[in-house]
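Residue strings, one per chain:
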Amino acid sequence: MSAQASLIIDCEYMRHYMAAHKRTDGWHVLERRAECHASAMEHITPCIFPDEQLVGRKTRFIRGAIPLCHYASGYILRELNKQAQEAQDAVTEVGTGGGFAESRKLAETGNYIQFGKSFLIPKEDAPFLHDCAEYFVGKSMQDVGDRLWKPSFEGADYIEKGWKSVLYTAPHDPCPEGRIVLDFESGLGKGLLGLRAEIEGHIKATNVSDVQSAEKVYFWRAAIRSIDGTLAWCHSYAVKAREIAASTTDPEVAARMRRIADMVEWAPAHQPRTFREAMQAWWLLYLAGHLEGAHLGYSPGRFDRYMYPYFKASMDKGEITSAEALVLLEEMRVKMTEISYVASFSWEGVGSGNLFQNLIMGGTDEAGRRGDNELSMLLVQAAINCRTIQPTLSIWYDGTLSDAFLMKAAECVKTGLGFPAFFNLKVYLQHEMERSHLPLATIRKYAAMGGCTEPTLEGMSYGIVQAGFVNHCKVFELAMYGGVDPRTGLKFRETPLPTSFEELRDLYLLHLADAIHNWQRYWNYCMAAHRHTCSLIFSSVLVRDCIGRGKCMDDGGAINNGTPTTLSSGMVNVANSLAAVKELVPSRYTMEEVRAACRANWAGQADMRHLMQEAPKWGNNDDRVDQLFVSLFGSYCDIVKAQLNFLGEPYDPSMLAISTHAPFGRACLATPDGRVEGEQLCDGVTSPFPGTDTHGPLAVLLSAAKVDHTLIRGGLHNMKFHPTALEGISGSRKLLSLVRTYFQSNGFQIQFNVVDSEMLRDAQAHPENYRDLIVRVAGFSAFFVELSKPIQDEVIRRTEHSFTAPPSGGHADDAVPAQPTSPSEAVIKALGAPEPQTRGCVFDIEEYAVRDGPGIRTTVFLKGCPLRCRWCCNPEGQLFVPELLHSQPKCRKCGSCYRACPHGAVTFTPENGPTFDRTKCLKCAERTCIRACHHGALRQAGQQMTVAEVSERLDATFQFADMSGGGVTLSGGDPLATPHLPFVRSFVAQCAAKGIPVAVETSGSWTFGPGCVDEALARAIGLYYFDVKVTDPERHRAATGNDNKTIMENLRTLARLVPEAVVISVPVIPTINDTVEEITAIAQLARSLGLGRMRLLGYHTLGRDKYADLGRQMDMPRGRPHGRAAPPAARGGQGPRDRPRRVGALAATHASTRPGCCSLGPPVLSALR
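Residues numbered from 1 in each chain as written. Predicted model: local features only at pLDDT ≥ 70, side-chain atom pairs only at ≥ 80, totals over all residues. Heavy atoms only, no water.

- In the nomenclature of an unreviewed UniProt entry, the protein is known as 4-hydroxyphenylacetate decarboxylase-activating enzyme fusion protein of Paratrimastix pyriformis.
- As stated in UniProt under Cofactor (unreviewed entry), the record for the protein gives "[4Fe-4S] cluster". (UniProt positions renumbered as here; feature names shortened; annotations may be inferred.)

## Some thoughts on the sheet that holds strand β1 (residues 7–9)
Part 1: Sheet architecture is open: 4 strands sit in the order β2-β1-β4-β3, paired in mixed fashion. Both outer strands of the open sheet, β2 (63–65) and β3 (112–115), are each paired with one neighbouring strand and no more. Here the average twist between neighbouring strands, direction ignored, is 35°.
Part 2: Relative to strand β4 (residues 119–122), β3 is paired through 4 bridges, and the arrangement is antiparallel. Residue pairing across strands places Ile113 opposite Ile121, the latter belonging to β4. (Pairing = 2+ DSSP bridges. Helix = DSSP H or I, 4+ residues; strand = E, 2+ residues; numbered from the N terminus. Axes fitted to C-alpha atoms, helices over the stretch in contact; angles between N-to-C directions.)

## Some remarks on the packing of helix α16 (residues 374–385) against helix α17 (residues 403–417)
Part 1: At a closest axis distance of 9 Å, the pairing of α16 and α17 adopts a crossing angle of 15°. On the basis of their axis angle, the class for α16 and α17 is roughly parallel. Relative to α17, α16 is oriented so that their crossing is left-handed. Residues Ser376, Met377, Val380, Gln381, Ala383 and Ile384 of α16 form the contact with α17, whose own contacting residues are Ala404, Phe405, Lys408, Ala409, Glu411, Cys412, Thr415 and Leu417. (Parallel < 35°, antiparallel > 145°, perpendicular 65-115°, else oblique. Left-handed = near helix turned anticlockwise from the far one by under 90°. Contact = heavy atoms within 4.5 Å.)

## Re the nonpolar core
Part 1: The biggest cluster of nonpolar side chains holds 282 residues, and the ones touching the most others in it are Trp282, Phe303, Phe422 and Phe752.
Part 2: Residue contacts for Phe303: discarding those within four places in its chain leaves Met279, Trp282, Tyr308, Leu329, Met332, Leu359, Ile360, Leu375 and Leu379.
Part 3: Residues Val842, Leu954, Ile1021 and Met1116 belong to the second largest nonpolar core, which totals 67 residues. (Core = buried A, V, L, I, M, F, W, Y, C linked by side-chain atoms within 4.5 Å. Buried < 20%, exposed > 50% of the residue type's maximum accessible area, 1.4 Å probe, protein only.)

## Things to note about helix α6 (residues 141–152)
Part 1: Across its 12 residues, α6 extends 17 Å between first and last C-alpha, which sits within 8% of the 16 Å expected from 1.5 Å per residue.
Part 2: All of the buried residues along α6 are Met141, Gln142, Asp143, Gly145 and Trp149. What you see down the axis of α6 is that its buried residues fit within an arc of 165°, all on one side. For α6, exposure combined with an orientation more than 90 degrees from the buried face picks out Arg147 and Pro151.
Part 3: Close packing links the buried residues of α6 with α7 (156–165) and α21 (501–533). (Expected span 1.5 Å × (residues − 1). Arc of directions from axis to C-beta.)

What follows is the structure, given as structure tokens:
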């Protein structure tokens, strides 16, 4: 089994590469690179096992790796000469079990030499490897890069000190590439010979007249050479298969080998004719790309998208069965797990020996239709059957995915493999549209995952290449200790010793900018050397539009060159530490006392450490630390994007950990979050520090959901459950509901360990009994016994969640207004029986809402409101009938809507596109124009839904609503407006019967009395967010179209009937009510009515585009005068909804404590008191 095989270095590829390199001195760099690689491909030995269904191996060993001396040779020589390696080796560990244990046994035979802590090299190959490494001294990418940046870059000394202090991971030159997905669709569809012919056509059509045109020809010739070498390598497998067929006495093996030979001789040279042939061709194409580079994160992409046509055609023709296809997919998993890489010891520890190959499924097609299919199901089943660590599986989560597929995914997660991980497609779509400006349909179709958790566009993006990782905790130490690393004494930028929280935070951001910008600029030098030594020629052939542009990827040939990222880990520890300092300095301790305690690793300071540990911690839905993290996160993204990458595009922010949190933590002293010296840092991006998330899984996700994940390319969130928490179908449903909860709140990624911690402890003690035990680490899964002990310990310590109610308390929850769980029996009786078929006009249903009342809620938006507030950010909710919305930015002016309209409501010109007669549109029920639009430019706001249909949407979410103290919120529009009342009365009665608490958000402009909002309905609603804009009737009329007489009467009525259920909501609008006097008047009104809670909502104009979509204009100035608003929900909204905070007798929120709310500050708060 691959899980038990030793890791062995195979020098064969490098023998032929070096020979070609010696004879090509003086060649053009691209042609030389292609010749060296192609020559090696033509000469390496094809290895086939008789029982294989797919052929093709990277090396001659089961778990073999190629020592790529042309990338970096210094670490190889140091290891062979037994010299000291990088400074980071002192804080790095690797595992000891599984294949590593087998390697030690094999080394004892005397036939192998230990290389590093994990690999063996055959004794007879060691002299060659030494000679090869010496030959590439001065010629490797690392050496060429060092000659460029060390004397030229003013930050060179900073980089060197960064490595020594472990501010950065070790040099990444031994494995700089990857996190890329090739264009397998074209590689299979056109065949390599088809691509070769295309390239030849470009050469013939080019008139070389300048350097640029000559460079194109050099690239195209190099591309042809790389294709020829790959085809020769493929042919060698056909020859080998025929040799085996001729020599075997087993007729079954002979038949299989002849079939393999026939397939390999045809494809990938030509387009495959069957699914079996496509699988073989794909594997050879995939492996050929792997052989060319030092890839980490090189991935298959959306395999179920581009391979499905071959699968379906073969299934329809009866050429293959599902069971036979499953065998091929299982073998693919084994072969991908066999691929290994060798790098410096420190990178072995950082990467835990993983290649981060990520196969992602699901998503949608270009038109937004569901992307899962029968092949998707088989891919998941193959992972369940064949428990390997490669490839990791991921799912682009979208609401269109089939329930069967998601349940199969949950079944796989529950096996303990740690995958599939779930990624929110809509978050990535927004990021990529803003980043690359490519059409939505293109991004939907080609959305893939390159490596751990970093999304990319399949077959059209430069790899997500990066220098390595920045250690946030080390940056924090530089801020805390005046620019000096307290462990090594190395001096960076000299800064004052901070004496307060504010100074510490600001200094952290200062040092963070230094660390990131120096790191990015250093890497730009390195990638310039990459172009001149190791440019990926064959891979460029399979990346659009390198062939068309006549450029390799290093020269900007890819369509999308904005993918290179800057990575970091440990920010959660920084946020927790800053929160502790803010809580306890100077009220309890001075900063000098905190520094001294951290230097002493808390010796003699048990009380201080206890208080630091009890301070607010990320992952408990506590804004005292959560908003700190959100602020730091935003600053980090701004800093990263300020520097251009080596292709001239801004660097893209990203965060993850792989296994960096172990060595990064080892290099840091104790920190004010209560962490001890040398302890691991937090993994991932939004994962809490182990053991500090004490309020249950929902609180964890509520913290993580506050982050704007569209700002970064990637992200990671780990959660751990005991297997008993997810037993049976109901357990799978809970897991999927949790995923949906998080993604409805715009979270990006979530993954799960479903494992018993006691079993992991036993595996540590008895690794020989758990060789195939797999756990999720970061963006990858690994054999547990091959992980280093610090990483094993961290996985064990992660909080083991369950689906029981979280403990009471917690700062954020203290502000939640109390809400009756259900109305009394008398009220339910007075309401009358629900009528499930009663209809209402609904324009949105937001599941798993966290800003529309206590806990997790489902918010139902009813269409229609009596008021016309000038600042309304849901204009599509004003009329009581469905409306057509037309988005100009999405419109391609194709005329499809004009041709489809049967009522003459659309006029059209190619220059201006369509114009709509809204009076005719309001009378239309067919909406043929929407169906005709394939660009998403047209949509309808509002549809008639029954009480039963809406109630059905609540069923899947109620378990989380109940657990979190949530329920359902009716919003709009105004849900209490008279036209809505038949629906609302039946709906509230239905909820009351099920014990679901109901809240409403209302303008107050409705009629109270028989046949309208009566006492029974008023008492059945458990919570009112009651809007009060201004107290003066005429000013109210000018701002909203109606005076406030009825509103004030209804407020007094509710204050008399249910005062405990009323929260005054005040949208603070410039020129309307943004004065201390007006807010004070509203507060005094509330006080006079005995109402004790009030919330202030910040103004924004984020709904302005919807006015244009409706053919209207917003009658308000642009901007957000009251501070930066939090990212809006997809539906827009009046402003960020927030939970009231008690201030004296009333409650209020303001910008100094809650981003996005009004910044009137202390004068208003004083008036409220």
